[in-house]
Amino acid sequence: MILLSLNPLALLRAMPGACAQGLIWGIMALGVYITFRLLDFPDLTVDGTLATGGAVAVMLIRAGVNPWVSLIVSFAVGMLAGMITGLLHTGLGIPGILSSILTQISLYSINLNIMGKSNQAINVDQYKLVVSLRYISGDALTKFKFYGGVTLGCLILVMIMYCYFGTEQGQAIRATGCNMSMAKAQGINTNFHTVLALMISNGLVGLCGGLYAQYQGAADVNMGRGAIVIGLAAVIIGEVLFGKFCVRRKSAFAFTMISVILGAVLYYIVIAFVLWLKMPSDDMKLFSAIVVAIFLSIPYLKNKYGKKGVARQ
Amino acid sequence: MSNGAKTYALELRDIHKTFNPGTINEKTALDGLNLQLEDGDFVTIIGGNGAGKSTALNAIAGVWPVDRGSIIIGDTDVTSLPEHKRAKFLGRVFQDPMTGTAATMSIEENMALAARRGKRRTLKWGVTKEEKERYMGMLKTLDLGLEDRLTSKVGLLSGGQRQAVTLLMASLQKPNLLLLDEHTAALDPKTAAKVLALSDKIIEENHLTAMMVTHNMKDAIIHGNRLIMMHEGRIIYDVRGEEKKSLHVSDLLSKFEEVSGGEFANDRMILS
Ligand SMILES: Nc1ncnc2c1ncn2[C@@H]1O[C@H](COP(=O)(O)OP(=O)(O)OP(=O)(O)O)[C@@H](O)[C@H]1O
Ligand SMILES: [Mg+2]
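Bear in mind that the values here come from a model prediction, so they are computed numbers and not experimental data. (Residues numbered from 1 in each chain as written. Chains lettered and ligands numbered in written order. Predicted model: local features only at pLDDT ≥ 70, side-chain atom pairs only at ≥ 80, totals over all residues. Heavy atoms only, no water.)

Participant: Is there a simple way to explain the overall build of chain A in this structure?
Facilitator: Helix and strand counts for chain A come out as twelve helices and two strands. The linear arrangement of helices and strands in chain A, starting from the amino end, is α-α-α-α-β-α-α-α-α-β-α-α-α-α. Computed over the C-alpha atoms, the radius of gyration of chain A is 20 Å, within 12% of the 20 Å expected from 2.2 N^0.38 for a compact globule of 313 residues. Taken along its principal axes, the extent of the C-alpha atoms in chain A is 55 × 55 × 35 Å. Across the 313 residues that make up chain A, the buried fraction comes to 50%. Accessible surface, chain A as shown: approximately 14,800 Å² in total, 68% of it carbon and sulfur. (Helix = DSSP H or I, 4+ residues; strand = E, 2+ residues; numbered from the N terminus. Rg over C-alpha atoms; globule rule 2.2 N^0.38 Å. Buried < 20%, exposed > 50% of the residue type's maximum accessible area, 1.4 Å probe, protein only. Areas by Shrake-Rupley, 256 points an atom, 1.4 Å probe, with all protein chains shown as cover.)

Participant: Help me understand the sheet that holds strand 1 (residues 8-19) of chain B, please; the structure alone is not making it clear to me.
Facilitator: Two modes of strand pairing occur in sheets, parallel and antiparallel, and in both the strands are linked by backbone hydrogen bonds. Residues and elements named next belong to chain B. Pairing is antiparallel across the open sheet formed by four strands, whose spatial order is 2-1-4-5. A single partner strand is all that each edge strand has here, and the edge strands are strand 2 (27-37) and strand 5 (76-77). Relative to strand 2, strand 1 runs antiparallel, the two sharing eight bridges. Counted as the bridge partner of F19 is K27 from strand 2. Relative to the sheet, helix 1 (residues 53-61) contacts strand 1, strand 2 and strand 4 (68-74), its axis offset from that of strand 2 by approximately 65°. (Pairing = 2+ DSSP bridges. Contact = heavy atoms within 4.5 Å. Axes fitted to C-alpha atoms, helices over the stretch in contact; angles between N-to-C directions.)

Participant: So what exactly am I meant to see when it comes to helix 5 (residues 159-172) of chain B here?
Facilitator: Think of an α-helix as 3.6 residues a turn; residues three or four steps apart then line up on the same face. Across its 14 residues, helix 5 of chain B extends 20 Å between first and last C-alpha, which sits within 8% of the 20 Å expected from 1.5 Å per residue. With 13 of 14 residues buried, helix 5 of chain B is to be regarded as a mostly interior element. (Expected span 1.5 Å × (residues − 1).)

Participant: Teacher, can you tell me more about the site of ligand 1 here?
Facilitator: Residue and element names in this part refer to chain B. Surrounding ligand 1, one finds 15 residues, the nearest of these being G52, K53, S54, T55 and H215. A distance of 2.8 Å is found between an oxygen atom of ligand 1 and a side-chain nitrogen or oxygen belonging to K53. Interatomic distance of 3.4 Å between a side-chain N/O atom of E182 and an oxygen atom of ligand 1. With the chains in place, 66% of the 630 Å² that ligand 1 exposes on its own is no longer accessible. For the shell around ligand 1, the elements supplying multiple residues, two or more each, are strand 2 and helix 1. Top element by residues in the shell around ligand 1 is helix 1. It accounts for three residues. (Near = heavy atom within 4 Å. Polar contact = N/O pair within 3.5 Å; in protein donor to acceptor, adjacent residues only side chain to side chain.)

Participant: Is there a simple way to think about unusual backbone geometry in this case?
Facilitator: Most of the time, phi is negative for any residue but glycine, and the peptide bond is trans. You will see that D40(A), though not glycine, has its phi angle at about 60°, which is positive. The residue D40(A) is located in the loop between helix 1 (8-39) and helix 2 (45-62) in this model. Even without a glycine there, the phi angle at D143(B) is positive, about 60°. If you trace the backbone, D143(B) turns up in the loop between helix 4 (129-142) and helix 5. Residue D143(B) is classed as exposed on the basis of its relative accessible area of 65%.

Participant: Explanation requested: the layout of surface pockets in the structure shown.
Facilitator: If a probe as big as a water molecule is rolled over the atoms, it shows which places are left empty. Estimates place the volume of the largest pocket at around 2,200 Å³. Around the largest pocket, the lining is made up of 48 residues, and of these V247(A), A252(A), T256(A), T104(B) and K153(B) lie nearest the centre. Among the elements that take part in the lining of the largest pocket, helix 9 (residues 227-247) of chain A stands out by supplying seven residues, more than any other. The residue makeup of the lining of the largest pocket, split by class, is 20 nonpolar, 13 polar and 15 charged. Reported here for the second largest pocket is a volume of approximately 760 Å³. Lining the second largest pocket are 28 residues, with W68(A), V130(A), V131(A), G149(A) and L211(A) sitting closest to its centre. Contributions of two or more residues to the lining of the second largest pocket are made by helix 1, helix 3 (67-90), helix 5 (140-164) and helix 8 (190-216) of chain A. (1 Å grid on protein atoms, 1.4 Å probe; cavity = no way out; pocket = protein on both sides within 12 Å on 5 of 7 lines; lining within 4 Å. Points joined across faces, edges and corners; volume = space filled by probe spheres on them. Nonpolar A, V, L, I, M, F, W, Y, C, P; charged D, E, K, R; others polar.)

Participant: I'm lost on the pairing of strand 3 (residues 42-47) of chain B in this one. Help?
Facilitator: All names here are of chain B. In terms of residue burial, strand 3 counts as a mostly covered element, since six of its six residues are buried. Side-chain alternation along strand 3 places F42, T44 and I46 on one buried face and V43, I45 and G47 on a second face that is also buried. Sheet analysis places strand 3 next to strand 8 (residues 210-213), joined by four bridges and oriented parallel. Each bridged residue has a counterpart across the sheet, and for T44 the counterpart in strand 8 is M212. Relative to strand 9 (residues 226-231), strand 3 runs parallel, the two being bridged by five bridges. Counted as the bridge partner of I45 is I228 from strand 9.

Participant: Would you take a moment to explain the interface of chain B and chain A for this structure?
Facilitator: Note on interface size: it is often stated as the accessible area lost on association of the parts. Counting from both sides, the interface comprises 30 residues of chain B and, opposite them, 21 residues of chain A. In total, chain B and chain A occlude about 2,200 Å² of area from one another, counting both sides; carbon and sulfur atoms represent 58% of this. By the criterion of area lost to chain A, the three top residues of chain B are H84(B), R121(B) and W125(B), representing 27% of everything that side buries. Our enumeration of links across chain B and chain A arrives at two salt bridges. Among the salt bridges present, the one from E168(A) reaches R116(B), with a minimum N-O distance of 2.7 Å. (Buried area = accessible area lost by both parts, 1.4 Å probe. Salt bridge = Lys/Arg side-chain N within 4 Å of Asp/Glu carboxyl O.)

Participant: Would you take a moment to explain the sheet that holds strand 10 (residues 234-240) of chain B for this structure?
Facilitator: All names here are of chain B. Strand order in the open sheet made by the six strands is 6-7-8-3-9-10, with mixed pairing throughout. A single partner strand is all that each edge strand has here, and the edge strands are strand 6 (90-93) and strand 10. On average, each strand axis in the sheet is inclined to that of its neighbour by 20°, with strand direction left out of account. Judged from the four bridges that link them, strand 6 and strand 7 (residues 177-181) form a sheet pairing that is parallel. Note on strand 7: the bridge partner recorded for R92 is L179.

Shown next as structure tokens:
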């Protein structure tokens, strides 16, 4: 009955937006990947950082700053937020997850101060925005420029990250996250590299916030609420679906990062789908949390129950 | 620091360390530890459970600060240096094969990390072409078939293979002092013998100064040029040279019995 009332065309119409949103949020998922997977640090700062990146971008653009430049500032401000979480943890000995919550909460006030109220809009007609919702309903050339640009941007970011995590410094970060005793024994300043990784991660999240604010034409103090869950969902969906494909490759790390971005796109496609099924948007956060919980538990359950049959042979 | 006095490869002066002071778990693990190692000394360390052997090695490595005393490596007083800054003087292999390597990173990446011990981590490429060739050559000498697996994740290796790689890593950047804490204890006897032989070879070829904790008294006698026995956070027996070579396990046992009042029966010292 309900199914009949659904319009397949409406779903189709929702896809371009879902893909665009997924690509933009893919950048924040890359940041989450750095802390969650490489550093093994559950960083909740990102919920605050995302809104800070958005708030800064919107206020700067309103003040006449070039939208591209505003993104650089969003990135820098994100790094600053990451640094604070890192210093609370490494310098003052506050447990990692708590440090990140403290920063996240303070950012809420800071974001309100940046914007002067709980949200601020920018008019796409008034400014030459880097990305905008408007572009996906524009003419073919605009659409092509938009999707091509965002995809290319994501690929360039993946390449930069791939190179960075292959440098001495990037490897030191990975060693710190993988085995702290080993890293220290090899003379790696684990505190420094923990802070550095948090800065890079939150820089990316700030950048995503700036882009997303331009995309939807507004920044809101609550725009980052639950962002960590979306980031985790992207990371995990990417790993579960494309993990096998990635491991055997020569540049496994680059493929993993691409799969994280694809994970974000898929996440938004799924969201578009359930919205189309008339799920109330109020229930979206609950739904996202359940999806993440399921995907997080798959590797664990696979290990626990899946391999038994194989082991017995 | 060099005020004309003789410098040693390592000098421990009156080291004290108490864990959980002021609580019911208070434990004095090092109680006035003094030790001087000459360049090229290879010391084996034995002692019962809880004697303070690991604590002594951790104190040297700077895992936590000591309560009192000083630690001098060559002509550098490292007592107040954090662990990562002392690393440039030290090569370390741990009891647990998992501890010495980064499991999610490849063999070559692990080795490259070790080759840069004590150096600043820059934005230069992490593993260069020349390095790969060098590592391949070094892995070949291990004869474990690892030379073709430079890009394999270390997590896929066996415990013995991991310890062998960790030993190589410790010697890539010649350390002033090599610390081996029961590094063969988690291995099966055959693999343990192999890794032990490799340790001897690496120490000899690189003329390293080394400290090796072991529970096997026979190994303690055969290897190295000096042997110390620890008990309750102090050194209670220290022999070297010819005198050490002529030791028998029974000598060590009676020495041990003397200080511990015959409790060794429930100790996990290996008597064979
Ligand atoms: N980090 C720590 N915190 C609290 N107590 C500790 C710590 N490390 C060691 N100890 C205690 O200090 C004492 C000496 O321990 P240590 O590990 O040095 O013994 P060991 O000689 O290496 O013994 P084993 O042969 O069992 O390895 C023990 O009583 C131990 O419980
Ligand atoms: Mg021990």
